[in-house]
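Take a look at the letters that make up each chain.
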Amino acid sequence: MAYAKQGTEGKTRLERMQDTLRDFGKFLYSRNEDNEVTIMGRNGASWAKLAVFFLIFYGCLAGFFAAMLSVFMTTVPEKADGPKFTKFIAGKQGLIPTPLEVKSGQKDDHVEAINKFLEPYKSAMNNSDSYNQNCTEETRSKRSKPCAMDLTTLGECYSNDKDFQYGYDEEKPCIFFKMNRVYGWVPEPEEGLDYVKLACKFEDESQKGLLPFPSDKPGFLANFYPFFAEDDWLGPIAALKINTTAKGVLLCEARAQNIKKSDTYRLNRGATGRVRIELDL
């Protein structure tokens, strides 16, 4: 009984498929009358010539790529010398809060985020003799040790107690701030100050609940700067404590003569020198 209709050559479809598979098998591997083996239509000598050709071709291609890469690497400055093309980043200081949003029911997440944020500062404070220094000059000099942050200046927003909750357990949360790294930038504080002032207010100006800054210098100490691309450099931080359980929006900005502030406070819209923090307690 035929498995399919007869074709024009008098063979069934099954027989034509078998012929096709048989021919494909001969293409993959076969022997001619001289008992010479061919694989995919080529004998050993032909495959050897092809292999040599592609070995030389890809070897030259790899050599050309390596040469171009080495030329490019000669144009890349040393890390310690800083970036050369800073048209789009120079002088644009971002203000970064931790956490960015304060939400009820996420106390543990906020405390964990703050612990992670403060961890390198604690390490630097405990190893100030090895990697950091207690800065006393107005600005840092190149190759000098980065400054160590004295976390005790954060007042009620810091304790060395491992179970410290940063005010989230009493619904008076602390929010921590730092500025992003900009190579070689030195802040020019407002007249009479030696720090970049951090100023905060509620979007609804009638809303109350901001406690005084714990430090007598509410902002970022200028003598931590400039940043010279050190791996262990940590910028100064500031903290603010909130004394309200009402929903609201906190607007903060860093004030210095050479900080250009954006029109927006939203980081996702490219805010610089300013930040918007949502409070949902």
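Residues numbered from 1 in each chain as written. Predicted model: local features only at pLDDT ≥ 70, side-chain atom pairs only at ≥ 80, totals over all residues. Heavy atoms only, no water.

As annotated in an unreviewed UniProt entry, the protein carries the name Sodium/potassium-transporting ATPase subunit beta-1 and comes from Porites lobata. According to UniProt, the comment filed for the protein under the heading Sequence similarities (unreviewed entry) is "Belongs to the X(+)/potassium ATPases subunit beta family." Quoted verbatim from the Subcellular location (unreviewed entry) field of UniProt, the annotation for the protein is "Membrane". (UniProt positions renumbered as here; feature names shortened; annotations may be inferred.)

Asks: An account of the packing of aromatic side chains is requested, with residue identities and associated values reported.
Replies: One pass over the structure, following the stated rule, counts 12 aromatic pairs. Between the aromatic rings of Phe53 and Phe57, the centroid separation amounts to 6.2 Å while the plane-to-plane angle is 10 degrees, which identifies the pairing as stacked. Of this pair, Phe53 and Phe57 both sit in helix α2 (residues 44–73), separated by four residues, roughly a single helical turn. Overall, Phe57 belongs to the partly exposed group, its relative accessible area being 41%. Seen in terms of ring centroids, Trp185 and Tyr225 are 5.4 Å apart; in terms of plane orientation they differ by 80 degrees. Their pairing is edge-to-face. In this pair, Trp185 sits in the loop between β5 (174–179) and β6 (195–202) while Tyr225 sits in the loop between β7 (219–221) and β8 (237–241), placing the two residues 40 residues apart along the sequence. (Phe/Tyr/Trp six-rings, centres within 6.5 Å; stacked < 30°, edge-to-face > 60°. Helix = DSSP H or I, 4+ residues; strand = E, 2+ residues; numbered from the N terminus. Buried < 20%, exposed > 50% of the residue type's maximum accessible area, 1.4 Å probe, protein only.)

Asks: Break down the sheet that holds β8 for me, citing the residues and quoting the values.
Replies: Across the sheet, which stays open at both edges, the three strands sit in the order β3-β5-β8 with antiparallel pairing between neighbours. Bordering the open sheet on either side are β3 (95–98) and β8, each of which pairs with just one other strand. Within the sheet, the average angular offset between the axes of one strand and its neighbour, ignoring direction, is 25 degrees. Relative to β8, β5 runs antiparallel, the two being bridged by five bridges. Each residue of the ladder has a partner; that of Lys178, found in β8, is Ile237. Most of the contacts of helix α3 (residues 107–126) go to β5, to which it runs at about 45 degrees, and overall it touches β3, β5 and β8. (Pairing = 2+ DSSP bridges. Axes fitted to C-alpha atoms, helices over the stretch in contact; angles between N-to-C directions. Contact = heavy atoms within 4.5 Å.)

Asks: I'd like a rundown of the pairing of β6, residues and numbers included.
Replies: With six of its eight residues buried, β6 lies for the most part within the structure. Judged from the six bridges that link them, β6 and strand β9 (residues 248–255) form a sheet pairing that is antiparallel. Across the sheet, residue Leu198 finds its bridge partner in β9, namely Ala254.

Asks: Break down the UniProt feature "transmembrane region" (unreviewed entry) in the protein for me, with residues and values.
Replies: Here, the residues flagged by UniProt with the feature "transmembrane region" (unreviewed entry) are residues 50–73. The span residues 50–73 shows a helical share of 100% and a strand share of 0%, and its end C-alpha atoms are spaced 34 Å apart.

Asks: A description of the nonpolar core should follow, citing residues and the corresponding values.
Replies: Residues Phe176, Phe177 and Leu250 are the most contacted members of the largest nonpolar core, which totals 49 residues. Counting residues per element, the ones that place at least two in this core are α3, β5, β6, β8, β9 and β10 (274–280). At six residues, α3 tops the list of elements feeding residues into this core. (Core = buried A, V, L, I, M, F, W, Y, C linked by side-chain atoms within 4.5 Å.)

Asks: Which residues make up the state of the cysteines, and what values go with them?
Replies: Note on terminology: a disulfide is the covalent bond linking the sulfur atoms of two cysteines. Counted by the stated rule, this structure contains two disulfides. Here Cys157 engages in a disulfide with Cys174; their sulfurs sit 2.2 Å apart. Residues Cys157 and Cys174 are joined through a disulfide that is left-handed, its torsion about the S-S bond being -90 degrees. Highlighted residues: Cys157 in the loop between α3 and β5 and Cys174 in strand β5, separated in sequence by 17 residues. Each member of the pair, Cys157 as well as Cys174, carries the same accessibility label: buried. (Disulfide = S-S within 2.5 Å.)

Asks: Lay out unusual backbone geometry with the relevant residues and their values.
Replies: In the segment running from Thr98 into Pro99, the intervening peptide bond is cis, with an omega of 0 degrees. Going from Tyr225 to Pro226, the amide bond is cis rather than trans, its omega being 5 degrees. Structurally, Pro226 can be placed in the loop between β7 and β8. The phi torsion at Glu171 lies on the positive side, around 60 degrees, for a residue other than glycine. In this structure, Glu171 sits in the loop between α3 and β5.

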